[in-house]
Each structure stands twice: as structure tokens, then as C-alpha cells.
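Structural description and commentary
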Amino acid sequence: MPIYDQSKHVQNDYSIEELIQSANEMRGLNEIALYAAGSGHSGGTLGVMDISAVLYLKIARHCPSEPSWPDRDRIIWSAGHKAPALYTSLAYAGYFPKEQLARLRMLGSPLQGHPHWRDLPGVEMSAGSLGQGLSVGVGMALAAKLDNKDHRVFVISSDGEHQEGSHWEAVMSAAHHKLSNLIQIIDKNELQIDGPISEVMQIDPLIEKYRSFGWEVISVDGHNIASLVEKLDIARNQTDSDQPIALICHTIKGRGVSFMENALGWHGKAPNETELLALLEELNLDMAPLARSMKEERQSLEAEIDNKLKSETPKFSSNYWWNQSEQMQAKMESTKLGFGRALEKYGDDERIVCIGADISDSISISSFYKNHPERKDRFISIGIAEQNGTTVATGLAREGKIPVFGTYGVFASARNLDQLRVSVCYANLNVLVVGAHGGVSVGPDGATHQELESFFQITGLPNMHFGCPSDSIETEKMTHALLFDIVGPKYLRFAREATPIVSSENSPFEFGVANIYRFRNSSDNFKDAFEIKLSSEYDNENEQLTIISCGPELAEALRAAYILKIEKGIETRVINMHTLKPLDRQAIIRAAGETINIITAEEHQVGGLGNQVAGIIATERRLDKSEIKLDMIGVEDRFGESGKPWQLIRHFGLSAEHIAARAIRLLDL
């Protein structure tokens, strides 16, 4: 079926030769968009592009001028990280001008790092967490059956997400309900982030598995345009079967670019200028001028965004932003590196077993074995299967091991919440679960990958211990404590972006006991401007304000204390509440009674930390007659979005300037 115009007449019906040329151009434009954005997924988008071109330009029934046309075919991208291929296809089909691809992953752009159906017409469903799209397709296909509609539901899935148990629930459900209007297109490129699928977690024999579940299976070369047209046309127009159809497309990750084909490093990487020009030459595309113009447009738009964010940031007499003056310089390092260092340093303990979930380098859990090959047999890959990883860890713990299971925070705290609740916490077993990439600082990956809810989810679990360290040094100390000092369920949250180091090797640290930071004097090094003590050893200094924070947001709280002292002479007690469960109750009670004014600051949905602090204050009878004033800073009950990490800190009102301005209002100054 060709693309329809608004009158539902044929707008354009591509020939095989035109599809081949279009797919080639789409590859070039896709990579230009990634180059302009400076981030994104090259390998998978190049590999799926032939399929996408055939589907959007030839097979699927849809109408770009009327994206919500009721009789359109539905196309769901379960593999949401391949969003650039989706956006490129929509642009080529006429949903929006191709030049708008320059806005990929930009703050405020509808072209989010992972697709969001409410932002962009033509996107049927939001995606990002693997293994969910086929279930959505089952629901849409069921609705079509109930309404006696003859449109088709296409689901584009990856081979790696077949490691998610939820995907197989959908496979079983589709066959049981005889959804012959459901066509799953499987992009089978045989690679995932940690390596070949056959080595990480084997999914074959896929054809036999689908047939055993009651599906019709068609196998095709995913780069043979003519064959794709033939097989997809058969699948779309089949009427004499009650089986859902699985079209297994054998593809090459990075197809069309020699240095990207079957290369693991190109999963989540964008080309630089040299690489872009080389790949455009390989594709025989004269798109270098377009690449320059899109990059220039991107830079101009980014400058506008930065200026807008700066104009909306509260102003003070000086620019206190990070490393903008000769004094108060801060070294930046990702907290995840502290986690990796701890695993490398203490991994000789034979009880420690690390469990990888396909993002091992990304979260630094691979540091456990990279320089210690003798430990490799204690590194267990479970693939893209967070629920399985959590319960495998439970079994290991039951046998006396110290399992460490790590993945992105959005999956570590939510996808497997029931497994954490029942298998880990109810059983009260010694399992360390690591939630990496917490907060909005994940940046351009967007809302689906920005974990902003774990404080609610994890602290609500009985028997759980929860640590949220402020910098890479504290992350290393926290990891050691959770490995050896804390026995029972435990959760570690840390960030992705390089953030300020605000402590040192000599800084005091004790799990469950907060640290008190006090600004003393401006210094060449930011961290040296503060004195740090355990809350149990701190004497009241009659401060006017307390800021309670945790994680990398602590650095913003400290910078706010610095601003308040320089600008208003305000003395501020900053509490590093690095342990979220159990909270240091006495540190909170003392701060409330001694300083009266309290602000909580969290790179999280507002209240994750703040509500716990408020609850302690409200239930402490010694404070009943105190006129305590409390304010909370965090993300205001919304999802994140794509953008540069530090743009998002400003955008969501989490910067030190926002904290200081709120403090000034709280103090009625």
C-alpha cells in the first residue's frame, strides 16, 4: 500500500529502485541528525533502515497529512532506542520537513531520545524500556478485532529484547487470541551492547520458538528491498489465516558503513565530523552541505535554549556557575566510576558475584573483571532481563554469595519492583541492586531513561537499605559499605554525568549517619571551602537555614550555601543525607529545632526525600511548638525530557541559584 494524501488517494507509490535510493539517503540523513545532536544510536538505526523505508514508503497504509486517520495501519517501535530511524522515516514520508531532524534529542523538541507519541504525530506509542511494544501491539490488534477494523498492526522489535520475559507473554497472548492482524517485524542483527547475542543470552532457535507458540514465521534478508516488499506485502494482505505473523529480518548492525558494520562500539554512539564525511562518501551521498547547515542550525538553537535558561535562572551579583571563576574550581567525575573502582578493589572476595544486564561498561560493573580475568567466571550475564537478574541474585544470596546486580535505575527500581519486594526484601536476603544513571542528568536519552521515582519505590520496601552517594569518592565508600558492612537487601543509586567532587578520601563516612557540610571560606578548590563532619559529632552553630540533599544534587546545595553566604551573609547547614534508608532521624530533628528553616533539594520527583523529612518533623513531639518552615525542591510531578544534562538541571529548577532564591523567600529576606 502506498502513502495516501488527505483525500485518501495515492500520494506516492515507490518503485524498488526508488526505495533502494531512498533507504540510502535515509541512512545519510539519519547519521547527519545524530552528528548534529552529538549523541544517539548509529548501529541499530542503520541496520533497520531498509525495513523502515519499505514499511513507511511502500507497505503501510497511512496518511501524513492526517496522522490520526482511523483506518491507518499502526506501527509500533518496541525498540525505542532506534527512534532516529523512526523520525527519519516520518520525515521522508512527509510528516514534517527533513531539516527538523536537526532538533533530535534537543530540549523542547518533539524528537525525543526515545519516542513519545504525545509529542510527535506519526508516533503510535511511547517506547524506551525494551520488551513492552509487542504487548501494546496485542492490545491494538485486539481493539481492531473488537471494532471490526481491517487495518494492520506492525510491531518493530529487536532480537535482544526477546530476552525480556514480558515479550514472550505477548507472543503467547497474540497466538492465543488468533491475532492475524498483528505483524511483528524482528530486526535480527545478532548483536547487543555487551556482545554477540549468542554469547550474552542465546535466543535461538527463534523460528522454531515462534512456530511452537502458534505463529506463522517468515524469514527474509532485511537488506534485500525487493524481498522485503514481497514478504511484507504478503504479511499485510494475508486473510486466510488466524495466526499472527513474525517476519524475522536478518540484518547487519551499522549496515552501509564499513567501520560501523557489526561493530559493538557503535550501538549508542554518534559520528563526529570526520566519521560523518567518510560515511557519506561511502554511501555516495552529496550531503555534506546539508550536514553543515543542520549542524549550524542546531548550534544556533542550542544557543537560544542556553540563553533562555540563563535568563530564567535567578540572578545574583556574580556568576557562581561551575568553574566560571578562578576560585572555587570543582573537579568533575561520574559517580559510576567510584562504583567501578570499588568492584575492582574489593572483587577478590570469592563471595562476590556480579550480574550484568547488557550495559556493563555503561554502568562500570565490568570493572569487576576487566583487569582481573580470573574473576570472569563470577560475572554472570543475564542479558536484557531485569526481573530475572534480580531473582537470580536472590538465589545466589540464598547460597551465601554476595550478588551485585546492576542496570539503569529506571529498570533497577521499577521494572523488577515485585521481585525486589517478594524475592529480595520479604526473604530479607543479602542482595545489592545498583540503579545507575539516576536523575535528569542522563540527558538526551530522555524521559524513559531518567529515573526520578526510586526514592518512593525503594524506601517503601521493608528490610531495604538505600544509599545515594554525592560524588565518585563517596560512591566508592558507599559500595564498600554495602558489600561488607550491610547484610540484607540494599540498593545503590548513582548518576551518569560527570558531577562535582565535593568530598575527599579523608572525609568521614558512615552508612546511616548523615554528613554535615559547613562553608568556611572561598578556596581555589570548591571542596576545600567546606568542613565536613558526621552529624553525630556536629555542634550547633546557630545557622539560619538547613538544606538537606543527597546524590549529585548535594553539590548544588553546597553551591547554594556559598551563594547565600556571599550574597546575604546567611549561615547554612548542609546535610548530606547519603543514606535514604535508614534516614538519619536525629540529624533532621536537630536541624529543625536548631535552624527552624529547612529546604530539601533532590534530583528526583519532589517529595521523594522531602516527604520523608517532613514526616519526621511532623511526628517528633519535641518540635510541636516550633515554628518550622519547610520547602522542597525537586522535579515537579512530571517526566523528564531530552536535553543536555546541565540544561536540564536549570530547566527543572534544580540549580544552586534556584535553591538560593527559594531560601531567600523562605527566610523572608
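**Here we look at the sheet that holds strand S12 (residues 379-381)**
Strand order in the open sheet formed by 7 strands is S12-S11-S13-S14-S16-S15-S22, and the pairing between neighbours is mixed. Here the strands that pair on one side only, and so sit at the sheet edges, are S12 and strand S22 (579-581). Neighbour-to-neighbour, the strand axes of this sheet turn through a mean angle of 20°, independent of strand direction. As paired elements, strand S15 (residues 465-467) and S22 share 2 bridges and run antiparallel to each other. Across the sheet, the residue bridging to Phe-466 is Lys-581, located in S22. On the sheet, helix H13 (residues 386-398) packs against strand S11 (352-356), S12 and strand S13 (402-408) and is oriented at approximately 170° with respect to S13.

**A short note on the environment of Leu-134**
Structurally, Leu-134 is set in helix H4 (residues 133-146). Judged by relative accessible area, Leu-134 falls into the buried class, the value being 0%. The spacing of Leu-134 and Gln-184 is 50 residues in sequence and 7.6 Å in space, taken between C-alpha atoms. The contacts of Leu-134, once residues within four sequence positions are left out, are Ser-78, Val-155, His-167, Ala-170, Val-171, Leu-182, Gln-184 and Trp-215.

**A closer look at the nonpolar core**
Leu-55, Leu-57, Tyr-87, Phe-96, Leu-101, Phe-154 and Ile-185 are the most contacted members of the largest nonpolar core, which totals 67 residues. Element by element, the count of residues in this core is highest for helix H2 (residues 43-59), at 10 residues. When near neighbours in sequence (up to four residues on either side) are disregarded, Leu-55 contacts Ala-60, Ile-75, Phe-154, Ile-156 and Ile-185. Of all hydrophobic cores here, the second largest spans 48 residues; its members include Ala-557, Ile-599, Ala-656 and Ala-663.

**Here's the deal with the side chain of Arg-105**
Looking at the secondary structure, you find Arg-105 in the loop between helix H3 (83-93) and H4. On the basis of relative accessibility, which here comes to 3%, the residue Arg-105 falls in the buried class. Residues in contact with Arg-105, not counting those within four places in the same chain, are Ala-37, Ser-39, Gly-40, His-41, Leu-111, Gly-113, Arg-298, Pro-444, Asp-445, Ser-642 and Gly-643.

**Things to note about helix H20 (residues 610-619)**
Along H20, the residues classified as buried are Gly-610, Val-613, Ile-616 and Ile-617. The arc that holds every buried residue of H20, seen down its axis, measures 130°, which confines them to one face. Residues of H20 that are buried in the fold lie against strand S20 (545-549), helix H19 (585-595), strand S23 (597-605) and strand S24 (629-635).

**Section: the pairing of S13**
Of all the 7 residues making up S13, 7 are buried; the element is thus mostly covered by neighbouring parts of the structure. Bridge analysis of S11 against S13 gives 5 bridges, and the strand direction is parallel. Bridged to Gly-356 within S13 is Gly-406. Bridging between S13 and strand S14 (residues 432-436) involves 5 bridges; their strand directions are parallel.

**Comments concerning helix H11 (residues 335-346)**
Between its terminal C-alpha atoms H11 stretches 17 Å, which fits the 16 Å expected from 12 residues at 1.5 Å a residue. Along H11, the positions that sit buried rather than exposed are Thr-335, Lys-336, Gly-338, Phe-339, Gly-340, Ala-342 and Leu-343.

**What about the packing of aromatic side chains?**
Enumeration according to the criterion identifies 18 aromatic pairs in this entry. Ring plane angle 65° and centroid distance 6.5 Å describe the contact between Tyr-517 and Phe-530, whose orientation is recorded as edge-to-face. Of this pair, Tyr-517 sits in strand S18 (residues 515-519) while Phe-530 sits in strand S19 (residues 530-534); the two residues are 13 residues apart in sequence, bridging distant segments of the chain. Each of the two residues, Tyr-517 as well as Phe-530, counts as buried. Connected via pairs of aromatic rings, a cluster forms that spans Tyr-320, Trp-322, Tyr-517, Phe-519, Phe-526, Phe-530 and Tyr-562. Note that Lys-269 overlies the ring of Trp-266, its terminal NZ or CZ placed 4.3 Å from the centroid. Over the ring of Trp-321 we find Arg-650, and its NZ or CZ is 3.8 Å from the ring centre.

**So, the confidence of the model for the protein chain**
Model confidence for the protein chain is summarised by a mean pLDDT of 97, while 100% of its residues fall at 70 or above. Here strand S2 (residues 10-12) is the element of the protein chain with the lowest mean pLDDT, 78, and strand S21 (residues 572-576) is the one with the highest, 99.

**Thoughts on the state of the cysteines**
In total, this model carries 0 disulfides according to the counting rule given. In this model Cys-550 remains outside any disulfide bridge; the closest cysteine sulfur is found in Cys-468, 4.0 Å from its own.

**Section: the packing of H2 against H3**
Orientation of H2 relative to H3, taken along the N-to-C sense of each, is 35°, at an axis distance of 9 Å. For the pair H2 and H3, the crossing hand works out as right-handed. Here Thr-45, Val-48, Met-49, Ser-52, Tyr-56 and Leu-57 of H2 come into contact with H3, specifically with Pro-84, Ala-85, Leu-86, Ser-89, Leu-90, Tyr-92 and Ala-93. Within the contact of H2 with H3, the residues separate by chemical class into 10 nonpolar, 3 polar and no charged.

**Quick word on the side chain of His-114**
Inspection of the secondary structure puts His-114 in the loop between H3 and H4. The exposure class of His-114 is buried, given its relative accessible area of 5%. At 2.8 Å, the side chain of His-114 forms a polar contact with the backbone oxygen of Asp-445. With sequence-adjacent residues up to four places away left out, His-114 is seen in contact with Gly-80, His-81, Ala-83, Tyr-87, Ala-127, Gly-128, Asp-445, Thr-448 and His-449.

What counts as what
Residues numbered from 1 in each chain as written. Predicted model: local features only at pLDDT ≥ 70, side-chain atom pairs only at ≥ 80, totals over all residues. Heavy atoms only, no water. Pairing = 2+ DSSP bridges. Helix = DSSP H or I, 4+ residues; strand = E, 2+ residues; numbered from the N terminus. Axes fitted to C-alpha atoms, helices over the stretch in contact; angles between N-to-C directions. Contact = heavy atoms within 4.5 Å. Buried < 20%, exposed > 50% of the residue type's maximum accessible area, 1.4 Å probe, protein only. Core = buried A, V, L, I, M, F, W, Y, C linked by side-chain atoms within 4.5 Å. Arc of directions from axis to C-beta. Expected span 1.5 Å × (residues − 1). Phe/Tyr/Trp six-rings, centres within 6.5 Å; stacked < 30°, edge-to-face > 60°. Lys NZ or Arg CZ within 6 Å of the ring centre and 35° of its normal. pLDDT = per-residue confidence, 0-100. Disulfide = S-S within 2.5 Å. Left-handed = near helix turned anticlockwise from the far one by under 90°. Nonpolar A, V, L, I, M, F, W, Y, C, P; charged D, E, K, R; others polar. Polar contact = N/O pair within 3.5 Å; in protein donor to acceptor, adjacent residues only side chain to side chain.

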